[in-house]
Amino acid sequence: MKHYDVIIVGGGINGCGLIRDLALNGAKTLLIDKGDFSSQTSQGSSKMLHGGIRYLENLDFGLVKEALEEKNLWLRLTPHLCFEREFYLPLYRYSRHTPLMLQCGLFLYDFLSHFQNKPHDWLGPEAALKIMPSLDPKGLRGAGKYFDGIVDDAKLALECLYDALIEETSEALSYHEVIKTDKTQSGYEVVIKDSFSGKTFSVTCNFLVFTTGPFTDKLLPKLNIPWTPQLVPSKGIHLWLKPGTIKTDGSIVLTTKDNRVVFVIPQRDAILVGTTETPVREEIFNIQAHNEEIIYLLNILQQYFPDAQIKEDSIISTFAGVRPLAKEESSTQSLGKVSRHHKIYRPTSHSYVMIGGKYTTFRRMTQELAQEIVPRLGLRYRPNLTLNPLRQHSLMPTFGEKPKLTLSLVKKIIQSEKVKTFDDLIKRRLSIIESTEQAHQIMGIPLEEIKSLF
Ligand SMILES: Cc1cc2nc3c(=O)[nH]c(=O)nc-3n(C[C@H](O)[C@H](O)[C@H](O)COP(=O)(O)OP(=O)(O)OC[C@H]3O[C@@H](n4cnc5c(N)ncnc54)[C@H](O)[C@@H]3O)c2cc1C
């Protein structure tokens, strides 16, 4: 039976970040995921690396500062995946905040970034409308301008994984599910099922780590890991709109009348709009956006951009995710106010669970866990190793100049980037946002030829 120092269950950003940190520090690690890597929450985010300007209202300065530091780190480390963008926060006569309050908040945001953010600014109504011509001019007092990052969320997770796999001590299996765990004297025996063949096999490890995000509360009791539910799952959906649907030169942050925040982020050849924040009542693996959630976002857009003619046929595609928010001791807060802090649990002497947090702060979260595990393996933990750039980039970049897609490039991507299905290829390796049928036309390669590769 094969033995590992650590087995990580869950290959979202947290699992991929953790295997990288452990690999760089010499631990023999296996990462498994029930689906493709980064195919759940970590491809369903708002795709922002940000401090979270709205958390300033919760006086969560520590979290904002940490997230801003991480945002600025990833902008430096991965300039092919993470980009700095201007964000505009329009203020209306009915807004809860005054221009002075907003400017104080933006100053604090820059201050907490150690002034590494490009400086904020305040624009009067005319200047704001020049940049955001689709915005409703009625009652507009102006807009605050500040800087945050955008990221290809699935790709950053994948590239952390590729970086880990350069070390020979690391292995990763997608479409492999943990179905049973048994405590041994010095760790765990884990039964893993291959989702394609249905075959099972067993491996052992010293430490078993769960980075299963929103799936954690349901999974752990099935595996006999001592666990009481710790999550406040919160669903969020996004729309990709056709380019030009909303005329704007920058990203826009809308505060809705029910005091939610909706982002409008022009990217590549589409506009990203999101998100909602609702309790989850359905099966969450491969969760989808529902019609009423789509209509909710469209209504907000129609209210802020009344002349833009935004309709259902402006939508290219939709996606959804579930925030794995960690419960507070006395949590009766609205979902938007539940803290974005992470939590690490040690349900048994040889198992760990990490939930909560934000995509932006994944490196700090996984570092906290690696710092605990690595010395227990008798190895020296070196915290600075994750500050180095990622060593293997995706063959198809998300932003900027893209190589022409040819069959030989597709073959190379499938061979070198852990692709198992057509969906893995188009959604997460090629970053195509259109539906499968539309994707065929965009790729310009006969579908049969691509299908024959799987
Ligand atoms: C709508 C929305 C918007 C967001 N926007 C932002 C943002 O703009 N910026 C930001 O910083 N953060 C954002 N977040 C938060 C961020 O996306 C999450 O904190 C992060 O992606 C969680 O990653 P994870 O690795 O913990 O979970 P996941 O990515 O869900 O990974 C867990 C993995 O566990 C696997 N798994 C489950 N069960 C099993 C099993 N039995 N065996 C093996 N594997 C299993 C799943 O397949 C999955 O891949 C957003 C979240 C949502 C939902």
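Residues numbered from 1 in each chain as written. Predicted model: local features only at pLDDT ≥ 70, side-chain atom pairs only at ≥ 80, totals over all residues. Heavy atoms only, no water.

### A word on empty space enclosed by the protein
The full count for this structure, using the stated rule, is 1 cavity of 30 Å³ or more. If you add up the space inside the largest cavity, you get close to 30 Å³. Around the largest cavity sit Gly17, Arg20, Asp21, Phe362, Arg363, Thr366, Gln367 and Thr386, which together line it. Secondary-structure elements contributing two or more residues to the lining of the largest cavity are helix 1 (13-24) and helix 8 (362-376). In terms of residues, the lining of the largest cavity owes the most to one element, helix 8, which gives 4 residues. A per-class count over the lining of the largest cavity returns 1 nonpolar, 4 polar and 3 charged. (1 Å grid on protein atoms, 1.4 Å probe; cavity = no way out; pocket = protein on both sides within 12 Å on 5 of 7 lines; lining within 4 Å. Points joined across faces, edges and corners; volume = space filled by probe spheres on them. Helix = DSSP H or I, 4+ residues; strand = E, 2+ residues; numbered from the N terminus. Nonpolar A, V, L, I, M, F, W, Y, C, P; charged D, E, K, R; others polar.)

### Focus on the site of the ligand
The immediate surroundings of the ligand are formed by 37 residues, with Asp33, Thr41, Ser42, Met48 and Thr360 found nearest. Between the ligand and the protein, one listed contact pairs an oxygen atom with a side-chain N or O atom of Ser42 at 2.6 Å. Taking His50, its side chain carries an N or O atom lying 3.5 Å from a nitrogen atom of the ligand. Considered on its own, the ligand offers 1000 Å² of accessible surface; in the complex 97% of this is hidden by protein. Of all elements in the fold, only helix 1, strand 8 (176-183), strand 11 (231-241) and strand 16 (315-326) reach the threshold of two or more residues within the shell around the ligand. Residues belonging to the shell around the ligand are distributed by class as follows: 10 nonpolar, 21 polar and 6 charged. Three or more residues apiece are contributed to the shell around the ligand by two domains, here domain 1 (2-42 + 154-230 + 334-387) and domain 2 (85-149 + 232-326). (Near = heavy atom within 4 Å. Polar contact = N/O pair within 3.5 Å; in protein donor to acceptor, adjacent residues only side chain to side chain. Areas by Shrake-Rupley, 256 points an atom, 1.4 Å probe, with all protein chains shown as cover. Domains from an automatic or database assignment.)

### Let's talk about a nonpolar patch on the surface
There is a patch of nonpolar side chains on the surface, built from Phe107, Phe111 and Phe115 and spanning about 330 Å² of accessible area. Checked against the element boundaries, Phe107 lands in helix 3 (residues 99-112). A residue is classified by how much of its surface remains accessible, and Phe107, at 44% relative accessible area, is partly exposed. (Patch = residues over 30% accessible without salt bridge, like charges linked within 9 Å, V, L, I, M, F, W, Y side chains within 5 Å. Salt bridge = Lys/Arg side-chain N within 4 Å of Asp/Glu carboxyl O. Buried < 20%, exposed > 50% of the residue type's maximum accessible area, 1.4 Å probe, protein only.)

### Description of the pattern of salt bridges
Oppositely charged side chains are able to pair whenever their charged atoms sit close together. In this structure the tally under the stated criterion is 23 salt bridges. Between Arg364 and Glu70 there is a salt bridge, with the nearest N and O atoms lying 2.9 Å from each other. Here Glu70 lies in helix 2 (residues 61-77) and Arg364 lies in helix 8, a separation of 294 residues in the sequence. Accessibility expressed as a relative area gives 24% for Arg364, which makes it partly exposed. The buried category is assigned to Glu70, whose relative accessible area is 1%. Several salt bridges share partner residues, and in doing so they unite Lys65, Glu66, Glu69, Glu70, Arg363 and Arg364 into one network.

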